[in-house]
Amino acid sequence: MDHAPPRPRTAPLLLAVGLAHAGGVVAYLPLITLLLPMRVEALAHLAKIDLLTAAVLAGGMAASLANIVFGWLSDVSVARGGGRRRWVITGLVALAASYPAMAFARTPAELVGAVVLAQAAINAVLGPLFAIIAEEVPTQRKGMAGGLLALGNPVAAGFSVLLMGFAGLGENARFLLVPVAAVALMLPLLVLWADPARG
């Protein structure tokens, strides 16, 4: 377990948990449903199905591997007296790099590589994040936490609507706003118990 200072009040923790999970969903839902198909259309109009399939398959493989690896790394950190949050932050840094890489990709290979990075980054965040939630939410509040987790998809869907609804936003701006929103939503949980022992 992380070495923790006195536990914060449950209400702020539950709110932070709900926001953090929504941030995780925001990190991938607009990508899969809207942004990736837009980039595929721009880069490979005549072979868009092939490129989209390649990107989704490669990204899915990277996501599965990253979830396992970063979950394990966070376990190692905890066993050594550190915390899991450092791995969530690592994933967010990679996420922030992956979205501009997708936006500015100029070849199908560059786009697939950027998607692989994005999917790995998202799951580098989610693996440790779910462990943090399981460990830090009190047993008597896990039901409420589960209900708040269910808000992730509606929040991400609403964000996607806003993202596409502003006609003045260019494609690059849409790609850049996703990691900004994801980080903003996860920040409360990352700083709630921020101290050196928690990592």
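Quick caveat: nothing in here was measured; it's all calculated off a predicted structure.

Caption draft 1: Broad picture of the overall build of the protein chain. Within the protein chain, the regular secondary structure consists of seven helices and zero strands. Counting helices and strands in the order they occur from the N terminus, the protein chain gives α-α-α-α-α-α-α. A globule of 199 residues ought to have a C-alpha radius of gyration of about 16 Å, and the protein chain, at 17 Å, matches this closely. Oriented by its inertia axes, the alpha-carbon framework of the protein chain measures out at about 60 × 35 × 25 Å. Per-residue burial for the protein chain yields a buried fraction of 43% across its 199 residues. Sequence separation of 24 or more characterises 80% of the internal contacts of the protein chain that already satisfy a separation of 6 or more. In the form shown here, the protein chain has an accessible surface area of approximately 9300 Å², with 73% of it arising from carbon and sulfur atoms.

Caption draft 2: Expanded view of the confidence of the model for the protein chain. When pLDDT is averaged along the protein chain, the result is 88; 92% of the residues meet or exceed 70. Least confident of the elements in the protein chain is helix 5 (residues 142-149), whose mean pLDDT is 86; most confident is helix 3 (residues 85-103), at 95. Counting interchain partners and residues more than four positions distant, the pLDDT-below-50 stretch residues 1-6 has 16 contacts. Across residues 194-199 the pLDDT falls below 50, and counting only partners more than four positions away or on other chains, this stretch makes 19 contacts in the model.

Caption draft 3: Representation of helix 1 (residues 10-43). The terminal C-alpha atoms of helix 1, which comprises 34 residues, lie 48 Å apart, in line with the 50 Å expected from a rise of 1.5 Å per residue. Considering bend angle alone, the principal kink of helix 1 is centred on Leu31 and spans about 55 degrees.

Caption draft 4: Highlighting the environment of Leu57. With respect to the secondary-structure elements, Leu57 resides in helix 2 (residues 48-79). Taking the C-alpha atoms as reference points, Leu57 and Val116, separated by 59 residues in sequence, lie 9.2 Å from one another.

Caption draft 5: Highlighting the nonpolar core. By size, the foremost hydrophobic cluster in this structure holds 48 residues, and its most contacted members are Leu95, Tyr99, Met102, Leu111 and Leu189. Of all elements in the fold, only helix 1, helix 2, helix 3, helix 4 (108-136), helix 5, helix 6 (152-165) and helix 7 (171-192) reach the threshold of two or more residues within this core. Among the elements that line this core, the one with the most residues is helix 1, at 13 residues. If near-sequence neighbours (up to four positions away) are discounted, Tyr99 is found in contact with Ala27, Tyr28, Leu31, Leu35, Phe175, Val178 and Pro179.

Caption draft 6: Summary view of the environment of Leu35. Of note, Leu35 is situated in helix 1. Among the residues examined, Leu35 registers a relative accessible area of 0% and is labelled buried. Sequence spacing of Leu35 and Phe166 is 131 residues, and the spatial spacing of their C-alpha atoms is 14 Å.

Caption draft 7: Structural view of helix 6. With 14 residues, helix 6 ought to run about 20 Å at 1.5 Å a step, and its terminal C-alpha atoms sit 20 Å apart, in line with that. Listed as buried for helix 6 are Gly152, Ala156, Phe159, Ser160 and Leu163. Buried positions in helix 6, seen along its axis, are confined to an arc of 105 degrees and lie on one side of it. Exposed and facing more than 90 degrees away from the buried side of helix 6 are Val161, Leu162 and Gly165. In the core, the buried residues of helix 6 are packed alongside helix 1, helix 5 and helix 7.

Caption draft 8: Seen up close, the pattern of salt bridges. Counting across every chain of the model gives five salt bridges. Between Lys48 and Glu41 there is a salt bridge whose closest N-O contact spans 3.1 Å. Owing to a relative accessible area of 35%, Lys48 belongs among the partly exposed residues under this scheme. Salt bridges linked by common partners bring Asp75, Arg84 and Glu135 together as one network.

Caption draft 9: Representation of the packing of aromatic side chains within the structure. Counting across every chain of the model gives two aromatic pairs. With a centroid separation of 5.9 Å and an interplanar angle of 65 degrees, the aromatic rings of Phe70 and Trp87 are classed as edge-to-face. Note that Phe70 is positioned in helix 2 and Trp87 in helix 3, a separation of 17 residues in sequence. When the ring of Tyr99 is compared with that of Phe175, the centres are 6.2 Å apart and the planes differ by 55 degrees; the resulting orientation is tilted. Here the residue Tyr99 occupies a position in helix 3, and Phe175 occupies one in helix 7, the gap between them amounting to 76 residues. The pair Tyr99 / Phe175 is uniform in exposure class, with both members buried.

Thresholds applied
Residues numbered from 1 in each chain as written. Predicted model: local features only at pLDDT ≥ 70, side-chain atom pairs only at ≥ 80, totals over all residues. Heavy atoms only, no water. Helix = DSSP H or I, 4+ residues; strand = E, 2+ residues; numbered from the N terminus. Rg over C-alpha atoms; globule rule 2.2 N^0.38 Å. Buried < 20%, exposed > 50% of the residue type's maximum accessible area, 1.4 Å probe, protein only. Contact = heavy atoms within 4.5 Å. Areas by Shrake-Rupley, 256 points an atom, 1.4 Å probe, with all protein chains shown as cover. pLDDT = per-residue confidence, 0-100. Expected span 1.5 Å × (residues − 1). Bend = angle between axes of the 7 residues up to and from the residue. Core = buried A, V, L, I, M, F, W, Y, C linked by side-chain atoms within 4.5 Å. Arc of directions from axis to C-beta. Salt bridge = Lys/Arg side-chain N within 4 Å of Asp/Glu carboxyl O. Phe/Tyr/Trp six-rings, centres within 6.5 Å; stacked < 30°, edge-to-face > 60°.

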